[in-house]
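One-letter residues, chain by chain:
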Amino acid sequence: FERQDGRSQKQRLLVVANRLPVSAVRKGEDSWALEVSVGGLVSALLGVNEFEASWIGWSGVNVTDEIGQRSLTEALAEKRCIPVFLDQETVHQYYNGYCNNILWPLFHYLPLPQEDRLATTRSFQSQFAAYKKANQMFADVVNAHYQEGDVVWCHDYHLMFLPKCLKEYNSKMKVGWFLHTPFPSSEIHRTLPSRSELLRAVLAADLVGFHTYDYARHFVSACTRILGLEGTPEGVEDQGKLTRVAAFPIGIDSDRFIRALELPPVKYHIKELQERFAGRKVMLGVDRLDMIKGIPQKILAFEKFLEENPDWRDKVVLLQIAVPTRTDVPEYQKLTCQVHEIVGRINGRFGTLTAVPIHHLDRSLDFHALCALYAVTDVALVTSLRDGMNLVSYEFVACQASKKGVLILSEFAGAAQSLGAGAILVNPWNITELASSIGYALTMCAHGREKRHHHNFLHVTTHTSQEWAETFVSELNDTVVESQLRTRQ
Ligand code: ADQ
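Residues numbered from 1 in each chain as written. Predicted model: local features only at pLDDT ≥ 70, side-chain atom pairs only at ≥ 80, totals over all residues.

Looking at an unreviewed UniProt entry, one finds the protein named alpha,alpha-trehalose-phosphate synthase (UDP-forming) and attributed to Anisodus tanguticus. Its UniProt record gives the protein the following Catalytic activity (unreviewed entry) comment, quoted word for word: "D-glucose 6-phosphate + UDP-alpha-D-glucose = alpha,alpha-trehalose 6-phosphate + UDP + H(+)". (UniProt positions renumbered as here; feature names shortened; annotations may be inferred.)

Encoded structure:
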């Protein structure tokens, strides 16, 4: 990267996301243990080293004392992380309330039940106020660390207000915003009471990015229909100011997965798993335990498959790894119970004294164990009801160079647009179709599997997270130049 002053050095990048890529656990008054967190954004940005990047976000812990805040700030600095300290009430209203109860379901086309909606509407104003307050707190920290020439990259639905707050501080700051979830149809978005304010806040950014062209189109439609602005092929125009809107499909650091398969601990895990499940086909689901991931639908389809295909009952096993998230939210607790109940019923129906058809783990796996699981899998099941992209499908493909297993993929995941030709696409709401896809995948001939795998592997290894980040940042740099040119004209 060539800086404007002619010095050639890495671009300074401030990545701002709700959560830092590490979780902190307090070990003493001034000592902390830091652990890398699980999640799509973290996985995507782990391999990006093209920039001199610092990460700004909430540490996930409530630290009110000065010693704690100072020592955590120092500990995080070693990981190039800068904390935003949010008080408990703000977290409750902003994060649990506005982000997770309103924006997350709505952006995934999941309206809340009517009675919850009424309760939500009553507390809506206070949650939205907390949302804006929290975004302002993020902006304060960004502004304190910003140096001229930096690029600020805001992430996700938690921080839709941030571009506006940052531009109010400094209109010359280069600000990009990227959404990791789908952006829903404008007809869904328009049900949001704060629809206009949120759209205007995002439009303060210089560049707005989405995983797919469809999400970008929905956003532009929302701006034209709700705000009455003009949509152009480049984005959205408001009184001569253009906000660029485009699709930047995310990827993974595929080399990291491919290299991991050669490591002794991963090889050891692979051997163990092969011995453990010898004579059975392995099906795999890896998800955060979230209603958007379609885990009950996946397991019910597997049950239907076993019901209709008794010959397969002792020849196939489904490993479902579901890392719990948002465990304090009642809907998520209900989902966990529901999944446990279905798994228990199926294992009761089809299990034997020596084997059960479903192994369900409520936890996260370390990277090596995850790679080994991907490598021994015959069929991966990604059945999201909606998903911005879905990186699990990419990770599975990266680890399948020798096995060439089959990917069953929801047509409602963004990944369906990139891996669709190499996967079996399904509507996860249609349990019958899903069950027959399982049979199709398990019996697919080697040639069919190879062809599909080749298509997907090529995509996953050429559309990486590095490329995603570089493309976004370089477009952001260009966009600013363009808008400066516009002002001069
Ligand atoms: P997520 O909803 O978190 O991400 P996804 O893209 O599948 O979904 O990424 C999950 C990540 O967490 C993967 O890297 C996976 O390996 C890891 N993970 C999940 N369960 C795990 C487990 N049990 N053990 C260990 N690791 C686990 C959001 C959006 C997605 C979008 C990403 C990136 O919802 O649609 O693809 O951001 O933009």
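1. A word on the overall build of the protein
Secondary structure assignment for the protein yields 18 helices and 17 strands. Expected size for 489 residues packed as a compact globule is a radius of gyration near 23 Å; at 23 Å, the protein falls within 12% of this value. Dimensions of the protein along its principal axes, counting C-alpha atoms only, are 70 × 55 × 55 Å. In the protein, buried positions account for 44% of the 489 residues. (Helix = DSSP H or I, 4+ residues; strand = E, 2+ residues; numbered from the N terminus. Rg over C-alpha atoms; globule rule 2.2 N^0.38 Å. Buried ≥ 20, exposed ≤ 12 C-beta atoms within 10 Å, placed from the backbone.)

2. Concerning unusual backbone geometry
Notably, Arg326 is not glycine yet its phi reads approximately 45°, a positive angle. With respect to the helices, strands and loops of the structure, Arg326 is situated in the loop between strand E13 (316-324) and helix H12 (330-350). Taking the number of C-beta atoms within 10 Å as the measure of exposure, Arg326 has 17 and is therefore partly exposed.

3. Things to note about the packing of helix H14 (residues 391-398) against helix H17 (residues 446-462)
Where H14 contacts H17, the two axes come as close as 9 Å, and the packing angle between them is 110°. Of the possible angle classes, the one that applies to H14 and H17 is roughly perpendicular. Two secondary-structure elements touch here, H14 through Tyr394, Val397 and Ala398 and H17 through Asn456, Phe457 and Val460. For the contact of H14 with H17, a count of residues per class yields five nonpolar, one polar and no charged. (Axes fitted to C-alpha atoms, helices over the stretch in contact; angles between N-to-C directions. Parallel < 35°, antiparallel > 145°, perpendicular 65-115°, else oblique. Contact = placed C-beta atoms within 7 Å. Nonpolar A, V, L, I, M, F, W, Y, C, P; charged D, E, K, R; others polar.)

4. Comments concerning the sheet that holds strand E17 (residues 424-426)
Strands sit in the order E14-E13-E12-E15-E16-E17 across an open sheet of six strands; the sheet is parallel. Of all the strands in the sheet, the pair left with one neighbour each is strand E14 (358-361) and E17. On average, each strand axis in the sheet is inclined to that of its neighbour by 15°, with strand direction left out of account. Relative to E14, E13 runs parallel, the two being bridged by four bridges. (Pairing = 2+ DSSP bridges.)

5. Comments concerning helix H11 (residues 295-308)
With 14 residues, H11 should reach 20 Å at 1.5 Å per residue; the first-to-last C-alpha distance of 20 Å fits that figure. All of the buried residues along H11 are Ile295, Gln297, Lys298, Ile299, Ala301, Phe302, Glu303, Phe305 and Leu306. (Expected span 1.5 Å × (residues − 1).)

6. Some words on the sheet that holds strand E9 (residues 230-232)
Spatially, the nine strands line up as an open sheet ordered E5-E4-E1-E6-E7-E8-E11-E10-E9, and their pairing is mixed. A strand with exactly one partner marks an edge of an open sheet, and here the two such strands are strand E5 (81-84) and E9. Averaged over all pairs of adjacent strands, the angle between strand axes in this sheet comes to 20°, irrespective of strand direction. In terms of strand pairing, strand E4 (residues 52-58) meets E5 through four bridges, oriented parallel. Bridge assignment links Trp58 to a residue of E5, and that residue is Val84. The strands that helix H5 (residues 162-169) touches are strand E1 (12-19), strand E6 (151-155) and strand E7 (174-178); relative to E7, the one it contacts most, it runs at about 175°.

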